[in-house]
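An overview of the molecular structure
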Amino acid sequence: MSAADISATPEWIAADWGTTHLRLWAMRGQNVLSKRSCDQGMGRLSPAQFGPVLEAEIAQWGADWAGIPVVACGMVGSRQGWSEAPYHPTPTDPRAHLIRVPDHAPRPVYIACGIRQDDPPDVMRGEETQIAGLLAQTPDFDGVVCLPGTHTKWVRLRAGRIERFQSCMTGELFELISQQSVLRHTLDLQGSDLSAFDAACAEALGDPARAYGGLFALRAAALLNGLDPISAASRLSGLLIGWELAATRDLWSGQTAALIGTAKLAALYARALGANGVQTQDYPAEPTTLAGLHAAWKTIGACP
């Protein structure tokens with residue numbers, strides 16, 4: 001993203017630094033002055049490279065913003081990231097546990113801590129900031145939060161605290177199966193067949209063990225019956241999300257659900273949950289992340 005002409009100096013800089021991308025927003029309070037992104041994610045960097053990459057990206061705005069603090073979330077705080085931000089145990093308030101990156105002279109940099117669950121073992125890093133953003137917008141929310149993605153999170157939220165959560169590798173499994181398995185010859189990911197999605201999701205949720213055989217059946221149906229590749233891809237998505245719903249039923253059943261994610265993926269989860277009587281409310285990923293980072297920025301004075 002190219003540099004923008006910014007007449008106002010930001011008070012702080014928000015950063016969402018994941019495995020594949022760095023996203024930056026120049027902020028005054030809650031207001032976005034400008035944003036930019038690059039592909040310098042955690043997966044491409046050694047710990048010594050994070051500081052120079054951050055400063056190079058900020059410099060692309062073309063202004064002298066030395067000393068302006070950065071508040072970051074995501075994999076930048078992992079063990080393989082810039083500076084490890086420790087996990088806080090559940091049950092916990094998802095809002096604003098920050099550590100300061102040591103020895104970065106150009107500016108203060110703060111990283112949001114992740115959250116851990118010891119039994120059954122699970123972790124999240126980055127999603128806690130989005131949940132904090134949800135609470136900043138809806139302080140009284142009580143229910144389950146679903147964050148669809150590579151590793152979808154299901155989070156039980158009560159009285160502003162994360163009680164427990166479960167991660168599901170649905171997004172990663174879909175990518176692996178659709179791009180590296182024999183089914184890659186059978187699928188067209190560029191369209192959608194919602195009827196096929198609905199049927200497969202209901203099958204997998206209703207009888208997960210029996211529906212397991214439906215995976216290779218996609219290949220067989222293409223060979224023998226000319227199954228449409230778009231329908232096959234939608235069935236694959238429905239099977240995986242249906243199994244996920246079966247695995248997390250105790251978290252979402254009878255609850256109100258908040259969905260934080262991209263519009264396309266959140267719509268599929270809303271459809272699947274709605275078919276099972278669950279009302280959903282959408283919280284788009286970018287503004288919700290920024291609301292969580294803003295809440296964290298307001299606590300900097302208390303950060304060690």
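Since this is a predicted model, take the numbers as computed values, not measurements.

**Focus on the packing of helix α6 (residues 214-225) against helix α7 (residues 229-247)**
At a minimum axis distance of 10 Å, the contact between α6 and α7 shows a crossing angle of 175°. Comparing the axis directions of α6 and α7 gives the class roughly antiparallel. Seen from α6, the contacting residues are G214, L215 and L218; seen from α7, they are A232, R235, L236, L239 and W243. A class-by-class count of the residues in the contact of α6 with α7 yields six nonpolar, one polar and one charged.

**Considering the environment of G114**
Tracing the backbone through its elements, the reader meets G114 in the loop between β7 (109-112) and β8 (115-118). Among the residues examined, G114 registers a relative accessible area of 1% and is labelled buried. Sequence spacing of G114 and S46 is 68 residues, and the spatial spacing of their C-alpha atoms is 20 Å. If we skip the residues at most four places from it in the chain, G114 touches A85, P86, Y87, H88, M124, R125 and E128.

**Considerations on the nonpolar core**
Where a protein is soluble and globular, its nonpolar side chains tend to be buried together. Core analysis: the largest hydrophobic core is formed by 26 residues, its most contacted members being W17, L24, L54, I58 and W82. Counting residues per element, the ones that place at least two in this core are β1 (12-17), β2 (22-28), α1 (50-59), β4 (70-73) and β7. When residues of this core are assigned to their parent elements, the largest contribution, four residues, is made by α1. In this structure I58 touches I13, L24, W65, V70 and R107, once residues within four positions along its chain are discounted. Membership of the second largest hydrophobic core comes to 20 residues, among which are V144, F197, L251 and A257.

**Regarding the sheet that holds strand β9 (residues 121-124)**
Read from one edge to the other, the open sheet built from three strands follows the order β5-β8-β9, with strand pairing classed as mixed. Of all strands in the sheet, those with a lone pairing partner are β5 (88-89) and β9, marking the two edges. Sheet topology places β5 next to β8; two bridges connect them, and they run parallel. In the strand pairing of β8, P89 is matched with R116.

Conventions and cut-offs
- Residues numbered from 1 in each chain as written.
- Predicted model: local features only at pLDDT ≥ 70, side-chain atom pairs only at ≥ 80, totals over all residues.
- Heavy atoms only, no water.
- Axes fitted to C-alpha atoms, helices over the stretch in contact; angles between N-to-C directions.
- Helix = DSSP H or I, 4+ residues; strand = E, 2+ residues; numbered from the N terminus.
- Parallel < 35°, antiparallel > 145°, perpendicular 65-115°, else oblique.
- Contact = heavy atoms within 4.5 Å.
- Nonpolar A, V, L, I, M, F, W, Y, C, P; charged D, E, K, R; others polar.
- Buried < 20%, exposed > 50% of the residue type's maximum accessible area, 1.4 Å probe, protein only.
- Core = buried A, V, L, I, M, F, W, Y, C linked by side-chain atoms within 4.5 Å.
- Pairing = 2+ DSSP bridges.

These values are about where atoms sit, not about what they do.
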